Amino acid sequence: MTIHYRPVPSPLGPLTVATSDRGLLALEFPQDAWLLPRDGWREGDHPLLRQAQGQLDEYFRGDRRIFDLPLAPQGTPFQRQVWFALADIPYGQTTSYARLAARIGRPTAARAVGAANGRNPLGIFLPCHRVVGAHGALTGFSGGLAAKQFLLELEGALPPMGPADLFSDAAGATRDRD
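Residues numbered from 1 in each chain as written. Predicted model: local features only at pLDDT ≥ 70, side-chain atom pairs only at ≥ 80, totals over all residues. Heavy atoms only, no water.

## Notes on the overall build of the protein chain
And then number 1: Across its full length, the protein chain holds six helices and six strands.
And then number 2: Listing each helix as α and each strand as β along the protein chain from the N terminus yields β-β-β-β-α-α-β-α-α-β-α-α.
And then number 3: Within the protein chain, buried positions represent 45% of all 178 residues.
And then number 4: By sequence separation, contacts in the protein chain at least 24 residues apart represent 56% of the contacts at least 6 residues apart.
And then number 5: For the protein chain, the exposed surface amounts to about 9,300 Å²; the carbon and sulfur share of it is 52%. (Helix = DSSP H or I, 4+ residues; strand = E, 2+ residues; numbered from the N terminus. Buried < 20%, exposed > 50% of the residue type's maximum accessible area, 1.4 Å probe, protein only. Contact = heavy atoms within 4.5 Å. Areas by Shrake-Rupley, 256 points an atom, 1.4 Å probe, with all protein chains shown as cover.)

Below, the structure written as structure tokens:
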């Protein structure tokens, strides 16, 4: 199976989008914690890459709330169940890991849902950024918490914060940006 990929410019920096003929396989952030192996990947053009870039451009302009692309993420059956459940979280809303676990019929599996969510290879398309901690805390995001904050602000799920606020804790102390 040939996998085509290309960098896609975004307000978050260049995103790497990869596809096969069956559907999109990956959307990786510049600071992604979980990069997929590149065996068999070939940089170039593919109709799904062009569609993905167009829909991402619309999303970042605020003109798109739902993606309409074939998705083919590779993972375990449980991971895929969690990832596709992410698509049901409405634009501009958030949910918790516990609520997502209950939604898929596994109410005691919040930690496993969190782990699967953290391995989502199609962030934004399958909106794992919409899953937050039980009390609304921005927790874990493979693209970095600054990217998660940006996406939630873009969707109106969080009030806009200045860059200085993003790296401050509740007591006002500045956290490390690394």
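Now that the structure is up, let's keep going.
## Things to note about the layout of surface pockets
And then number 1: Size it by volume and the second largest pocket reaches roughly 210 Å³.
And then number 2: Taken together, 14 residues form the lining of the second largest pocket, with Arg65, Ile66, Phe67, Ala87 and Phe125 sitting closest to its centre.
And then number 3: Considering only residue class, the lining of the second largest pocket consists of 12 nonpolar, no polar and two charged. (1 Å grid on protein atoms, 1.4 Å probe; cavity = no way out; pocket = protein on both sides within 12 Å on 5 of 7 lines; lining within 4 Å. Points joined across faces, edges and corners; volume = space filled by probe spheres on them. Nonpolar A, V, L, I, M, F, W, Y, C, P; charged D, E, K, R; others polar.)

## What about the pairing of strand S2 (residues 15-19)?
In summary, the side chains of a regular strand alternate between the two faces of the sheet.
And then number 1: Counting buried positions along S2 gives five out of five residues, so the element sits mostly inside the fold.
And then number 2: Burial along S2 is two-sided: Leu15, Val17 and Thr19 and Thr16 and Ala18, pointing in opposite directions, are all buried.
And then number 3: The loop that links strand S1 (residues 3-8) with its antiparallel partner S2 comprises six residues; one of these, Gly13, has a positive phi angle of about 105°.
And then number 4: Alignment of S2 against strand S3 (residues 24-28), held across four bridges, turns out to be antiparallel. By the bridge assignment, Thr16 is partnered in S3 with Glu28.
And then number 5: In textbook terms, the turn of a hairpin is the stretch between consecutive antiparallel strands, and for S2 and S3 this stretch comprises four residues, one of which, Gly23, has a positive phi near 160°. (Pairing = 2+ DSSP bridges.)

## Structural notes on the side chain of Arg130
And then number 1: Counting through the fold element by element, Arg130 comes out in the loop between helix H4 (110-118) and strand S6 (131-132).
And then number 2: Polar contacts involving the side chain of Arg130 include one to the main-chain carbonyl oxygen of Ile89, which spans 2.6 Å.
And then number 3: The contacts of Arg130, once residues within four sequence positions are left out, are Arg65, Ile89, Pro90, Tyr91, Gly92, Gln93, Thr94, Thr95, Leu152 and Glu155. (Polar contact = N/O pair within 3.5 Å; in protein donor to acceptor, adjacent residues only side chain to side chain.)

## Focus on helix H2 (residues 77-86)
And then number 1: Those residues of H2 that sit buried are Phe78, Gln79, Val82, Trp83, Ala85 and Leu86. Buried residues of H2 fall within an arc of 160° about the axis and therefore sit on the same side.
And then number 2: The elements touched by buried residues of H2 are helix H3 (97-103), H4 and S6. (Arc of directions from axis to C-beta.)

## Structural notes on the nonpolar core
And then number 1: Core analysis: the largest hydrophobic core is formed by 37 residues, its most contacted members being Leu56, Ile124 and Phe125.
And then number 2: Secondary structure elements with two or more residues in this core: S2, S3, helix H1 (47-61), H2, H3, H4 and helix H5 (145-154).
And then number 3: Broken down by element, this core gets its largest block of residues, six residues, from H1.
And then number 4: Ranked by size, the runner-up nonpolar core spans six residues in total, among them Ile3, Ala18, Ala26 and Trp41. (Core = buried A, V, L, I, M, F, W, Y, C linked by side-chain atoms within 4.5 Å.)

## Here we look at the side chain of Gln55
And then number 1: For Gln55, the position within the fold is in helix H1.
And then number 2: A polar contact is formed between the side chain of Gln55 and the backbone nitrogen of Asp68, at a distance of 2.9 Å.
And then number 3: Look past the residues within four positions of Gln55 in its chain and what remains in contact with it is Arg64, Phe67, Asp68 and Leu69.

## Quick look at the environment of Gln93
And then number 1: Within the element layout of this structure, Gln93 appears in the loop between H2 and strand S5 (95-96).
And then number 2: Of the residues examined, Gln93 reaches a relative accessible area of 43% and is grouped as partly exposed.
And then number 3: Spatially, the C-alpha atoms of Gln93 and Leu158 are 8.9 Å apart, while their sequence positions differ by 65 residues.

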